[in-house]
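# A closer look at the structure
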Amino acid sequence: MGNNYQMVAKTLFGFEPLLAKELRNLGAIDVREGVRSVSFYGDKGFMYKANLSLRTAIKVLKPIATFRVFSEDDLYREVNKLAWEKYLDANQTLAIDATVHSEKFSHSKYVALKSKDAIVDRFRDRTGERPGIDLDYPSLRINIHIEKKNCTVSLDSSGQSLHKRGYKSSTNIAPINEVLAAGMLLHSGWDGQCDFIDPMCGSGTILIEAAMIACNIPPNLNRKEFGFEKWKDWDEALFEKIQESVLKKVRDFHFTIKGYDKAPSAVHKAKDNIENANLSEFISVRHEDFFKTEKETERHLHMVFNPPYGERLSIDMPEFYKAIGDTLKQSYPGTHAWFITSNLEAIKHVGLRPSRKIKLFNGALESKLLKYEIYEGSKKAKKQDN
């Protein structure tokens, strides 16, 4: 496989097939779905491309060692054995994220601490110096994953989570994670080939992700930095070349993307974020109460939204969801409407039968992404008579 090596992209529950498809489309080799993760092969340039281009990935990890661990001493010894000086200098900083699914190791923080000791001690024994710890912007972010007795040590090429796209200066009370928004859009089949609306747009995340999909803009173009930029083998010229090649694939968009919100403050925040993402020419946002609006186009309309939910906002749920159903039925003929909700009771009040239900998680909340197909009714005929 030449210069190719294995990598693992982490994602949210229910997005594994979407991420696998994204990776195949980018040109990854030997793509395999796991649980909240997809493994694949590629070279350094592909690692740069994956971080820039993947919409549904949270991290791109590069495994450097796998071993079996039966005790804390095993963990310390195996991590200490690795040639960390290949990746880090004694005067640099590190941070460790650990995930643990094991009876033997129950605390991820303790596993992270033990691994940190093993790395720091190796440097101290060899150089008399030790790397520092920087949890926010380390020179090297390391991932330790223990599954039963198997431990995988990886370098985190992304640095901060890839949902931090770099365009959000402001959020509203219940913001939606960018990766979740992108995954919802891809699940909904959104491809930029019709008009789009988010009628409860909050700070604009779904609108921005929708525009980036429609125009094939790499989602992480606005990020300040990636983890791999501090690696010893960082190749800036290669990164710029990759960036140029992904930008060449940006395409035109010939439809409209609209957002409504009934809170003026949300509209203001959405406009700020859209401007940060350099997408103002594609997206318009207005101060509107969805329940008092109607479809503004004769063409097919694709709708995706994240209605407010009772966890953080006080709303009469049955009434609210009934109003969603009524508005769709009466005012939005010829629309495919998708929304996510963690209030599984409230779905019953929509008064429409969903044609699809997909189980997802919004943070820790089990949620459903629902599709409602609203057909052309008699409304159109009525308008023509007037």
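Residues numbered from 1 in each chain as written. Predicted model: local features only at pLDDT ≥ 70, side-chain atom pairs only at ≥ 80, totals over all residues. Heavy atoms only, no water.

For the protein chain, an unreviewed UniProt entry supplies the name Class I SAM-dependent RNA methyltransferase and the organism Salinimicrobium tongyeongense.

Scanning the protein chain from N- to C-terminus turns up 10 helices and 15 strands. Here the C-alpha atoms of the protein chain give a radius of gyration of 23 Å, agreeing with the 21 Å that 2.2 N^0.38 yields for 386 residues. Across its three principal directions, the C-alpha atoms of the protein chain cover 85 × 45 × 40 Å. A total of 386 residues make up the protein chain; the buried ones form 51% of that total. (Helix = DSSP H or I, 4+ residues; strand = E, 2+ residues; numbered from the N terminus. Rg over C-alpha atoms; globule rule 2.2 N^0.38 Å. Buried < 20%, exposed > 50% of the residue type's maximum accessible area, 1.4 Å probe, protein only.)

Let's shift gears to the nonpolar core. By size, the foremost hydrophobic cluster in this structure holds 52 residues, and its most contacted members are L23, F40, L54, W84, I142, I144 and V153. Beyond its immediate chain neighbours, meaning those up to four positions away, I142 contacts W84, L94, A95, I96, D97, I119, V153 and S154. Counting residues in hydrophobic clusters, the runner-up holds 39 residues, among them M184, M212, L279 and L369. (Core = buried A, V, L, I, M, F, W, Y, C linked by side-chain atoms within 4.5 Å. Contact = heavy atoms within 4.5 Å.)

Disulfide: a covalent bond formed between the sulfur atoms of two cysteine residues. Inspection of the entire model under this criterion finds 0 disulfides. In this structure C201 is not part of a disulfide, and its nearest cysteine sulfur, from C215, lies 18 Å away. (Disulfide = S-S within 2.5 Å.)

This part takes up the sheet that holds strand 15 (residues 365-374). Strands sit in the order 11-10-9-12-13-15-14 across an open sheet of 7 strands; the sheet is mixed. Single-partner strands in this sheet number two, and they are strand 11 (283-287) and strand 14 (356-362). Shown here is a sheet whose adjacent strand axes are inclined to one another by a mean of 20 degrees, direction ignored. Where helix 5 (residues 178-187) meets the sheet, it contacts strand 9 (195-198), strand 12 (301-305), strand 13 (335-341), strand 14 and strand 15, and its direction lies at approximately 170 degrees from that of strand 14. (Pairing = 2+ DSSP bridges. Axes fitted to C-alpha atoms, helices over the stretch in contact; angles between N-to-C directions.)

Residues spaced three or four apart along an α-helix face the same direction, because each turn holds 3.6 residues. Spanning 12 residues, helix 7 (residues 236-247) covers 16 Å between terminal C-alpha atoms, matching the ideal 16 Å at 1.5 Å per step. Within helix 7, burial applies to F239, I242 and V246. End-on view of helix 7: buried residues confined to an arc of 60 degrees, all on one side of the axis. When the buried face of helix 7 is taken as reference, the exposed residues oriented beyond 90 degrees from it are A237 and K241. Residues of helix 7 that are buried sit in contact with helix 2 (44-53). (Expected span 1.5 Å × (residues − 1). Arc of directions from axis to C-beta.)

Working note: regular strand, side chains alternate between the two faces of the sheet. As paired strands, strand 10 (residues 257-261) and strand 11 are joined by 5 bridges and run parallel to one another. The residue of strand 11 that forms the bridge with G259 is V285. As for the winding sense of the linkage, the β-α-β connection from strand 10 through helix 8 (residues 264-276) to strand 11 is right-handed. (Right-handed = clockwise from strand over helix to strand, strands pointing away.)

Right, let's talk about unusual backbone geometry for a bit. At D30, a residue that is not glycine, the phi angle is positive and equals roughly 50 degrees. On the secondary structure map, D30 appears in strand 2 (residues 29-33). With a phi close to 55 degrees, K148 is a non-glycine residue in the positive phi region. With respect to the element layout, K148 can be found in the loop between strand 7 (140-147) and strand 8 (150-156). A relative accessible area of 63% means that K148 is categorised as exposed.

We now examine the sheet that holds strand 1 (residues 5-10). Strand order in the open sheet formed by 8 strands is 2-3-1-4-8-7-5-6, and the pairing between neighbours is mixed. Unpaired on one side and paired on the other, strand 2 and strand 6 (132-133) mark the two borders of the sheet. Pairing analysis gives 6 bridges linking strand 1 to strand 3 (residues 37-42), with the strands arranged antiparallel. Bridge pairing links Q6 to Y41 in strand 3. Sitting on the sheet, helix 4 (residues 108-127) touches strand 5 (93-101), strand 6 and strand 7, and the angle it makes with strand 5 is about 140 degrees.

Let us now look at the confidence of the model for the protein chain. In the predicted model, the protein chain carries a mean pLDDT of 93, and the fraction of residues at 70 or more is 94%. A low-confidence stretch, residues 378-386 (pLDDT under 50), is modelled with 6 contacts involving residues beyond four sequence positions or located in other chains. (pLDDT = per-residue confidence, 0-100.)

Applying the stated criterion across every chain yields a total of 22 aromatic pairs. An angle of 90 degrees between the planes, with centres 5.4 Å apart, marks the rings of F13 and F361 as edge-to-face. Of this pair, F13 sits in the loop between strand 1 and helix 1 (16-26) while F361 sits in strand 14, and the two are 348 residues apart along the sequence. With a relative accessible area of 24%, F361 lands in the partly exposed category. Three or more aromatic residues joined by ring pairs make a cluster, and in this case those are F290, F291, F305, F320, Y321, Y332, F339 and Y372. (Phe/Tyr/Trp six-rings, centres within 6.5 Å; stacked < 30°, edge-to-face > 60°.)

As a further point, take the side chain of E178. Within the fold, E178 resides in helix 5. Here E178 falls in the buried class, since its relative accessible area comes to 6%. Each residue touching E178, except ones within four places of it in the same chain, is listed here: H163, R165, Y167, K168, T205 and E209.

Attention now moves to helix 4. Look at helix 4: 29 Å from first C-alpha to last across 20 residues, which is about the 28 Å you get at 1.5 Å a residue. Among all positions of helix 4, only V111, A112, K114, S115, K116, A118, I119, V120, D121, R122 and F123 are buried. In this structure, the buried side of helix 4 is in contact with helix 3 (72-81), strand 5, strand 6 and strand 7. Downstream of helix 4 by a residue or two, G128 has a phi angle that is positive, lying close to 80 degrees.

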